[in-house]
Amino acid sequence: MSVDTVIAGGTLVTASGTREGALAIDGGEIVGVGDEAALPDADERVDATDRLVMPGVVDPHVHIGDHVSIDSYETATRAAALGGVTTVVDFAWQAYTGAESPWDEPAPLLDGVEEKRANAAEALVDFGLHGGILREDDDLFAELEDVVEAGVTSFKMYTAYDYGLSNGFMEHVFERLAEHGAVGLVHSEDDSVCEARTERLRAAGRDEPEAYPESRPDYAEAMAAEDAVRLAREAGAKYYGIHTTARASAEVMERFREDGSRVRAETCVHYATLDDSVYAELGNLPKIAPPIRAPDDVEAMFEYLRQGVLSVVSTDHVAAARADKEDRPWWEGPFGANGVQRSLPVFHDEAVNERSFSYPFLVRVMCANPAETFGMPEKGTLDPGTDADVVVFDPDATHTVTAEENASKADYSIYEGREVTGRVRKTFVRGELVADDGNIVAEPGHGEFLEREIPEWGT
């Protein structure tokens, strides 16, 4: 008996530890873990000497091919594969009408799900979807069960922008999500505070990029987070706080978290590796909502990751063009920054090399925890019987980040010029090599849509 592939000679890294050993892969699954001599012969042997063999990164927070991102599924998932990201979770939107809406008329959430599912023909890595709730319409509740049955088991709500939801409607959503066991995600910023501060800064002529973080302060994030998580708790729903940026909002999650069975939260790579000095350096390019915060908030992200209050590190990847961001006041132009191609090496360099966190910690927050949190038991692990999503990572290779290497349509990087140690050498998705030493070697369409399970949250 032989198998398709054996990856041997490296150090296997899981959420619980490291060991020297080999992986056997056959039919897209991991079929054996152990000493190479004890594994079957293989059609191909991959030498991972002096390298780490890790589960593929699971990024549960990306925006692809819609009203907020210029990336196609091919360009975004090429970037993901090059960065060792083997699974992403994007958003399917409920169309709304408004001053800034790209839609001509409202449409059901199921329409958004079907539209995004069709992108499997372009995808190089696997992808799931969160439902995006953008309007207060009771028709949502009639289709919610069908959306969950379609494998979309988490739903995003906003408290800001012209599609922000009122607390009253959000409470109703949480009540219905609790009935289905689904997860509620909330972009939490108090809209009235942000709008008022923006107008005051504009009136004062404060158009320099360094003023942008003042328009969306940390307490506006914490205020909205406290309202949202309290509503979720009262409804008995699972709550996931997305893109936590600040000590103030992380403290809210800590107060409500209890045993982790109902409240969880993430931060993003940029909030853990950059501080607000980036606005003086790069202008409007890192205009992200909520903003990149003060140095103490960077420290807080690692404090709360260490404690487990924050359990996931994502990217909130959004592709935009440099020309749409530069040469204008900060209140004009799009929000967001691309990051999915850089997340693993940049976070590895900061967390492991600079702060001495362990490799199992890296796998927990970037692979295992997001997979478990969002109902993907076949992902984020090296266990036999699960998908052979595997990254061969060189922990000692040093390189300088440059947007010239972007696979995304975004033509800049907020990490431009940053020297990092750690580089993705090979990325396998369900056993197929999709990225090899900086080159895409698979065809679009290898990626598949994931119908996710209802997650069971414990501690």
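The structure reproduced in this document is the subject of the present report.

Reading the values: rules and limits
Residues numbered from 1 in each chain as written. Predicted model: local features only at pLDDT ≥ 70, side-chain atom pairs only at ≥ 80, totals over all residues. Heavy atoms only, no water. Helix = DSSP H or I, 4+ residues; strand = E, 2+ residues; numbered from the N terminus. Rg over C-alpha atoms; globule rule 2.2 N^0.38 Å. Buried < 20%, exposed > 50% of the residue type's maximum accessible area, 1.4 Å probe, protein only. Areas by Shrake-Rupley, 256 points an atom, 1.4 Å probe, with all protein chains shown as cover. Lys, Arg positive; Asp, Glu negative; His and termini not counted. Charge placed at Lys NZ, Arg CZ, Asp CG, Glu CD. Pairing = 2+ DSSP bridges. Right-handed = clockwise from strand over helix to strand, strands pointing away. Axes fitted to C-alpha atoms, helices over the stretch in contact; angles between N-to-C directions. Parallel < 35°, antiparallel > 145°, perpendicular 65-115°, else oblique. Left-handed = near helix turned anticlockwise from the far one by under 90°. Contact = heavy atoms within 4.5 Å. Nonpolar A, V, L, I, M, F, W, Y, C, P; charged D, E, K, R; others polar. Salt bridge = Lys/Arg side-chain N within 4 Å of Asp/Glu carboxyl O.

Here's the deal with the overall build of the protein chain
Along the protein chain, the regular secondary structure elements total 14 helices and 17 strands. The C-alpha atoms of the protein chain give 21 Å as radius of gyration, which agrees with the globular expectation for 459 residues (23 Å, within 12%). The C-alpha extent of the protein chain, read off along each of the three principal axes, is 70 × 50 × 40 Å. Counting only residues that meet the buried cut, the protein chain has 61% of its 459 residues in that class. Only carbon and sulfur atoms are counted for the fraction: they give 42% of the accessible area of the protein chain, which is about 16,600 Å². Here the protein chain contributes 39 positively and 90 negatively charged side chains, and the mean placements of these two sets differ by 4 Å.

Let's talk about the pairing of strand β8 (residues 126-132)
Strand residues, when the strand is regular, have side chains that alternate between the two faces of the sheet. Of all 7 residues that make up β8, 7 are buried, and the element is covered over most of its length. In β8, alternate side chains face the same way, and those of Asp126, Gly128, His130 and Gly132 on one face and Phe127, Leu129 and Gly131 on the other are all buried. By the bridge criterion, 7 bridges tie strand β7 (residues 85-93) to β8 in an arrangement that is parallel. Following the sheet pairing, Thr87 is matched in β8 by Asp126. Viewed along the sheet, the connection from β7 through helix α2 (residues 109-117) into β8 turns out right-handed. The pairing of β8 with strand β9 (residues 154-158) spans 2 bridges and is classified as parallel. Paired with Gly131 across the strands is Phe155, a residue of β9.

Remarks on the packing of helix α13 (residues 343-354) against helix α14 (residues 359-373)
It is at 11 Å that the axes of α13 and α14 come closest, and there the two elements cross at 135°. The orientation of α13 with respect to α14, classified from their angle, is oblique. In this structure, α13 crosses over α14, and the sense of that crossing is right-handed. Of the residues in α14, those touching α13 at Ser343, Leu344, Phe347, His348, Ala351 and Val352 are Tyr359, Phe361, Leu362, Val365 and Met366. Taken together, the residues that form the contact of α13 with α14 break down as 9 nonpolar, 2 polar and no charged.

Thoughts on the pattern of salt bridges
Side chains that carry opposite charge are capable of pairing whenever their charged atoms lie near each other. Going through the model one piece at a time under the given rule, you end up with 32 salt bridges. One salt bridge in this structure joins Glu226 and Arg230, with 3.4 Å as the shortest N-O distance. Residue Glu226 and its partner Arg230 are located together in helix α7 (residues 218-235), separated by 4 residues, close to a single helical turn. Judged by its relative accessible area of 38%, Arg230 is partly exposed. Overlapping salt bridges bring together Asp126, Lys379, Asp387, Asp389, Arg430 and Glu448 as one network.

Structural notes on the packing of α7 against helix α8 (residues 247-257)
One can describe the packing of α7 onto α8 by two numbers: an axis separation of 8 Å at closest approach and a directional angle of 20°. In terms of axis orientation, α7 runs roughly parallel to α8. Considering only the axes of α7 and α8, their crossing is right-handed. Contacts between α7 and α8 involve Asp218, Glu221, Ala222, Ala225, Glu226, Val229, Arg230 and Arg233 from the first element and Ala248, Ser249, Val252, Met253, Arg255 and Phe256 from the second. Of the residues that constitute the contact of α7 with α8, the class distribution is 7 nonpolar, 1 polar and 6 charged.

Things to note about α8
Within α8, the full set of buried residues consists of Arg247, Ser249, Ala250, Val252, Met253, Phe256 and Arg257. In this structure, the buried side of α8 is in contact with α7, β11 (238-241), β12 (263-268) and α11 (295-307). Where α8 ends, the next residue or the one after it, Glu258, has phi of about 55°, a positive value.

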